[in-house]
Amino acid sequence: MEWIDLDSRACSIARTLEIVGDRWTLLILRDVFNGVRRFADLQRHLGIARNVLTQRLTALVDAGILVRIPYQDPGTRSRHEYEPTDRGRELLSVLLTIIAWGDRHLADASGPPVHVRHIECGADVRLVPVCEAGHAIKSASEVLIEPGPGARPARQSPSVSSQMD
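Residues numbered from 1 in each chain as written. Predicted model: local features only at pLDDT ≥ 70, side-chain atom pairs only at ≥ 80, totals over all residues. Heavy atoms only, no water.

This paragraph deals with the packing of aromatic side chains. Scanning all chains against the criterion turns up zero aromatic pairs. The ring of tryptophan 24 carries the charged tip of arginine 23 above its face, separated from the ring centre by 5.1 Å. Positioned over the ring face of tyrosine 71 is arginine 38, at 3.6 Å from the centre of the ring. (Phe/Tyr/Trp six-rings, centres within 6.5 Å; stacked < 30°, edge-to-face > 60°. Lys NZ or Arg CZ within 6 Å of the ring centre and 35° of its normal.)

Right under this line is the structure:
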């Protein structure tokens, strides 16, 4: 079966992008990973409209990526801050990959805007794909992507010639 014959909506990339595929969602996740977790702080730091932030946070909570944690400052009403769940923390590697690509291809002459370091030793973090046998993957030519058990055939639309009959 050829890739063109498969339903592209059944793809794990497409499914993931349905949840995290817009700019605001990734920036919200970046800030939450960096400790900016309260609604007002997120809104101020991102410069995002309240309704957009509310929609994105609700979608991330509904998807099990973030969890709402109630808090109350003295003399104020109860509010929520947002923390990543285990499922959400797994997205860190996605953000680190985006950071690395941006640092390589988009940083200005002054260098990258952040350094990602391992807390234990202080070395820069570098993501390297590794197969289950432990081999580091150095280029796309070393990878074969093939349909898995969840692949579905694409819906066939009537051919142009049959529509003209």
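A separate point is the packing of helix α2 (residues 23–33) against helix α6 (residues 92–105). Two elements in contact, α2 and α6, have axes whose closest approach is 11 Å; the angle formed by their N-to-C orientations is 105°. When the axis of α2 is compared with that of α6, the two are roughly perpendicular. Counted together, Leu26, Leu29, Arg30 and Phe33 of α2 and Leu92, Leu95 and Ile98 of α6 form the full contact between these two elements. In terms of residue class, the contact of α2 with α6 is built from six nonpolar, no polar and one charged. (Axes fitted to C-alpha atoms, helices over the stretch in contact; angles between N-to-C directions. Helix = DSSP H or I, 4+ residues; strand = E, 2+ residues; numbered from the N terminus. Parallel < 35°, antiparallel > 145°, perpendicular 65-115°, else oblique. Contact = heavy atoms within 4.5 Å. Nonpolar A, V, L, I, M, F, W, Y, C, P; charged D, E, K, R; others polar.)

In this section: the nonpolar core. One finds Ile28, Leu29, Leu53, Leu57, Leu60, Ile65 and Leu66 to be the most contacted residues of the largest nonpolar core, which totals 20 residues. Where this core is concerned, the elements lending two or more residues are α2, α3 (39–46) and α4 (50–62). Among the elements that line this core, the one with the most residues is α4, at five residues. (Core = buried A, V, L, I, M, F, W, Y, C linked by side-chain atoms within 4.5 Å. Buried < 20%, exposed > 50% of the residue type's maximum accessible area, 1.4 Å probe, protein only.)

This part takes up α2. Listed as buried for α2 are Thr25, Leu27, Ile28, Leu29, Asp31 and Val32. Taken together, the buried residues of α2 touch α1 (12–20), α3, α4, β1 (66–71), β2 (79–84) and α6. Capping the start of α2, aspartate 22 holds a side-chain oxygen 3.0 Å from the backbone nitrogen of tryptophan 24, two or three residues further along. Downstream of α2 by one or two residues, glycine 35 has phi in the positive range, about 95°. (Polar contact = N/O pair within 3.5 Å; in protein donor to acceptor, adjacent residues only side chain to side chain.)

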